[in-house]
Amino acid sequence: MDKIRVRIFGFMGMGMLMVACSESLPLMSSSPTAQSPVSLSPVVSPSPAKIGFKVERLPHSIVYTLHIPNQGQYLVTPGVANTVEPLASFVQTYGAIAAINGGFFDPKNQKSTSAAIVQARQVAKPEDNERLMTNPDLLPYLDKILNRSEFRQYRCGSQIVYDITLRQTLPAPGCELESALGGGPQLLPDITLVQEGFQDSSNGKVIRDSLASDRRNARSAIGITRDGTIVLVMVGQKPDEPTNSGMTLKELADYLKSLKVEKAINLDGGSSAALYYGGETIYGKVNESGKAIQRPVKSVLLVQTIKKQ
């Protein structure tokens, strides 16, 4: 697999590289309590890079971008709730400094339709969602639904490695899968609308597009650049243009490519699209009056600071 490698350095004894075990990231309860951030070994970095936050106002959207540098002082990992929770509740529970909404879920039974692994433990499986598995309209697509792309974190010896790949992909030799959160479709290097968006066409006309991929909407995505930088992108709608703002999935892929992202995955969008940073939650979807829609979500991707020991 063509994975992005992030080196985390700590010194013990005669300069041996090692990474200490991180703390457990538990399944979030419906009544969150504060937890300590993940703690790894000290990071040796001559000039630690900071998270880059950018707001860009485009003709049909407002785009919020976080660049998470790969020098080893940050960890990007999933968080999953027992029910659904506001984005800020995940941040409080996991002691995170930033977060973006994550995988898909069924708002009626509040069960995930995306797979999630936290600290090498499967905490959410689409197979456990009976409404998904017994929906007659989805039966033709189940094999693809159960093998959608996910954002992954591996431990490969002394390295933390991030990748975006299909759920059924096996880890490379010498690597252990630490965490994963499903989404879909992939946006880069190619958009997999048919394979993972379950888009159907007839005589050149799209007859099924469950993600409304060709319509502008609030969107969320995560990507990886060649140098290992993790990029979080949340596309917000414009309050004065509530019915025709945001991005299509093609526009989102092109925007990510302009940021030099090489691998990217679409996350849950629409009313779920939200980003937390700097003590504030930014919501992507607006109603007809232009007011932000605040929707609790099932899962997120968290950015945590690795403590020095």
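Enquirer: Which residues make up the environment of V84, and what values go with them?
Expert: Checked against the element boundaries, V84 lands in strand β6 (residues 74-85). Here V84 falls in the buried class, since its relative accessible area comes to 16%. Through-space distance from the C-alpha of V84 to that of Q110 is 6.4 Å; in sequence the pair is 26 residues apart. Those residues within four positions of V84 in sequence are excluded, and the remaining contacts are F105, Q110, P296, V297 and K298.

Enquirer: Before we move on, can you summarise the pattern of salt bridges with the specific residues and values?
Expert: Applying the stated rule across the entire model yields 10 salt bridges. Close ionic contact of R155 with E178 constitutes a salt bridge, the shortest N to O distance being 3.8 Å. Placement of R155 in strand β12 (residues 149-156) and of E178 in strand β14 (residues 175-182) is noted, with a sequence separation of 23 residues between them. Exposure class is identical for R155 and E178. Each is buried.

Enquirer: Hey, could you go over the layout of surface pockets for me, with residue numbers and the actual values?
Expert: Considered as a void within the structure, the largest pocket measures approximately 680 Å³ in volume. Considering the residues around the largest pocket, the lining is formed by 23 residues, among which F104, F105, T113, S210 and L211 are closest to the centre. Of all the elements in the fold, those that place two or more residues in the lining of the largest pocket are β8 (105-106) and α2 (130-133). By residue class, the composition of the lining of the largest pocket is 10 nonpolar, 7 polar and 6 charged.

Enquirer: Would you mind going over the state of the cysteines in detail, with residue names and values included?
Expert: Here the structure, examined in full by the defined rule, presents 1 disulfide. One disulfide in the model links C156 with C175; its S-S distance is 2.0 Å. What sets the handedness of the C156 and C175 disulfide is the S-S torsion sign, and at about 115° it is right-handed. With C156 in strand β12 and C175 in strand β14, this residue pair connects regions lying 19 residues apart in the sequence. For the pair shown, C156 and C175 are each scored as buried.

Enquirer: Kindly report on the sheet that holds strand β23 (residues 297-305), identifying the contributing residues and their values.
Expert: As summarised here, the arrangement of the 5 strands in space is β6-β23-β7-β21-β22, forming an open sheet in which the pairing is antiparallel. Lying at the two open borders of the sheet, with one neighbouring strand each, are β6 and β22 (280-283). Taking each pair of neighbouring strands and ignoring which way they run, the sheet shows an average axis angle of 20°. Inspection of the sheet shows β6 paired to β23 by 8 bridges, in the antiparallel sense.

Enquirer: Describe unusual backbone geometry, listing the residues and the values that go with them.
Expert: With an omega dihedral of 0°, the bond running from G184 to P185 counts as a cis peptide bond. Relative to the assigned elements, P185 resides in the loop between β14 and β15 (186-188). Residue P189 is reached from L188 by a cis peptide bond, and omega for that bond is 10°. Positive phi, close to 65°, is recorded for A120, a residue that is not glycine. As for its placement among the helices and strands, A120 is situated in the loop between β10 (116-118) and β11 (121-124). What makes A120 exposed here is its relative accessible area of 54%.

Enquirer: So what about the confidence of the model for the chain? Which residues, and what values?
Expert: Put simply, the chain has an average pLDDT of 85, and 82% of its residues get 70 or more. Across residues 4-26 the pLDDT falls below 50, and counting only partners more than four positions away or on other chains, this stretch makes 71 contacts in the model. Within the model, pLDDT remains below 50 along residues 29-46, and this stretch shows 68 contacts once partners closer than five positions in the same chain are excluded.

Enquirer: Account for the side chain of E178, with residues named and values stated.
Expert: Using a relative accessible area of 11% as the deciding quantity, one classes E178 as buried. Residues within four places of E178 in sequence aside, it is in contact with I117, V118, Q119, A120, Q153, Y154 and R155.

What counts as what
- Residues numbered from 1 in each chain as written.
- Predicted model: local features only at pLDDT ≥ 70, side-chain atom pairs only at ≥ 80, totals over all residues.
- Heavy atoms only, no water.
- Helix = DSSP H or I, 4+ residues; strand = E, 2+ residues; numbered from the N terminus.
- Buried < 20%, exposed > 50% of the residue type's maximum accessible area, 1.4 Å probe, protein only.
- Contact = heavy atoms within 4.5 Å.
- Salt bridge = Lys/Arg side-chain N within 4 Å of Asp/Glu carboxyl O.
- 1 Å grid on protein atoms, 1.4 Å probe; cavity = no way out; pocket = protein on both sides within 12 Å on 5 of 7 lines; lining within 4 Å.
- Points joined across faces, edges and corners; volume = space filled by probe spheres on them.
- Nonpolar A, V, L, I, M, F, W, Y, C, P; charged D, E, K, R; others polar.
- Disulfide = S-S within 2.5 Å.
- Pairing = 2+ DSSP bridges.
- Axes fitted to C-alpha atoms, helices over the stretch in contact; angles between N-to-C directions.
- pLDDT = per-residue confidence, 0-100.

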